[in-house]
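Fold and contact review
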Amino acid sequence: MHHIVVRDWTDITARDNCVFVAIPSTLDETAAPDGYHVLHAYTPATEPYEAWTGLDRAAYEELKEARGEVLWKAIEEFIPNIRERSVYSAVGTPLTHERYLRREGGTYGAAWKAGEKTFPGHSAPFDDLYCCGDSTFPGIGVPAVCGSGIAVAHAIAPVEKHL
């Protein structure tokens, strides 16, 4: 299940205007223990990296709590008692992405407006090496990343050879 909360459709890129929510365990029962679900909520690359740099630990934790509140409030619009039902919660920040995902500036990947640029393809400058992920076509987001992996799989083994 996917859900999106949008405050104002006139500026979809405004900070705190849009929160995406995915509950992958509704489609994949192995994503969470029996009787539980996994919920992932995030803002679409509208969190400024600069707001997180140079903070001491206390200020970092305070900002993390405040920024997490944006996500909680959006989720509460369609799951009112989510906080009481939550067993575990973790808030990631641009610094989290930079450290654990090795993403410079905490990015999710490149983002270009349609028609301005295209994502690079899957070929690499070395034989038998292919590129896939959010920095290749078709771009950022779980469905797009899966699509890039499928494209590479098809390049390696054409559809008629899959079975």
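1. Things to note about the nonpolar core
Judged by nonpolar contacts, Val5, Val19, Val21, Ile23, Ala41, Val70, Leu71, Trp72, Ala74, Ile75, Ile79 and Ile82 together constitute the single largest core of 12 residues. At the level of elements, β2 (18–22) and α1 (57–76) are the ones that each hand at least two residues to this core. For this core, the leading source of residues is α1, giving 5 residues. With residues near it in sequence (within four places) discarded, Ile23 still touches Met1, His37, Val38, Leu39 and Ile79.

2. Some words on the sheet that holds strand β3 (residues 40–42)
Here we have 3 strands laid out as an open sheet, ordered β1-β2-β3, and antiparallel in their pairing. Each edge of the sheet is formed by a strand with only one pairing partner; in this case those strands are β1 (2–6) and β3. Taken over all neighbouring pairs, the strand axes of this sheet differ in orientation by 15° on average, direction set aside. Two elements, β2 and β3, share 3 bridges in a ladder whose sense is antiparallel. Within β3, the position partnered with Phe20 by the bridge is Tyr42.

3. Some points on a nonpolar patch on the surface
Nonpolar side chains collect at one region of the surface, where Ile4, Trp9 and Ile12 lie side by side and expose about 320 Å² of accessible area between them. Within the secondary structure, Ile12 is located in the loop between β1 and β2.

4. Comments concerning the side chain of Thr46
Relative to the elements of secondary structure, Thr46 occurs in the loop between β3 and α1. When near neighbours in sequence (up to four residues on either side) are disregarded, Thr46 contacts Thr13, Ala14, Arg15 and Asp16.

5. Details of the side chain of Asn17
Mapped onto the elements of the fold, Asn17 is located in the loop between β1 and β2. Asn17 sits in the buried class, given a relative accessible area of 6%. Excluding anything up to four places from it in sequence, Asn17 contacts Val5, Val6, Arg7, Asp8, Asp11 and Ile12.

6. A word on the pattern of salt bridges
For the coordinates displayed, the defined rule picks out 8 salt bridges. Each of the salt bridges in this network shares a partner with another, and the network as a whole consists of Arg15, Asp16, Glu47 and Arg67.

Criteria and cut-off values
Residues numbered from 1 in each chain as written. Predicted model: local features only at pLDDT ≥ 70, side-chain atom pairs only at ≥ 80, totals over all residues. Heavy atoms only, no water. Core = buried A, V, L, I, M, F, W, Y, C linked by side-chain atoms within 4.5 Å. Buried < 20%, exposed > 50% of the residue type's maximum accessible area, 1.4 Å probe, protein only. Helix = DSSP H or I, 4+ residues; strand = E, 2+ residues; numbered from the N terminus. Contact = heavy atoms within 4.5 Å. Pairing = 2+ DSSP bridges. Axes fitted to C-alpha atoms, helices over the stretch in contact; angles between N-to-C directions. Patch = residues over 30% accessible without salt bridge, like charges linked within 9 Å, V, L, I, M, F, W, Y side chains within 5 Å. Areas by Shrake-Rupley, 256 points an atom, 1.4 Å probe, with all protein chains shown as cover. Salt bridge = Lys/Arg side-chain N within 4 Å of Asp/Glu carboxyl O.

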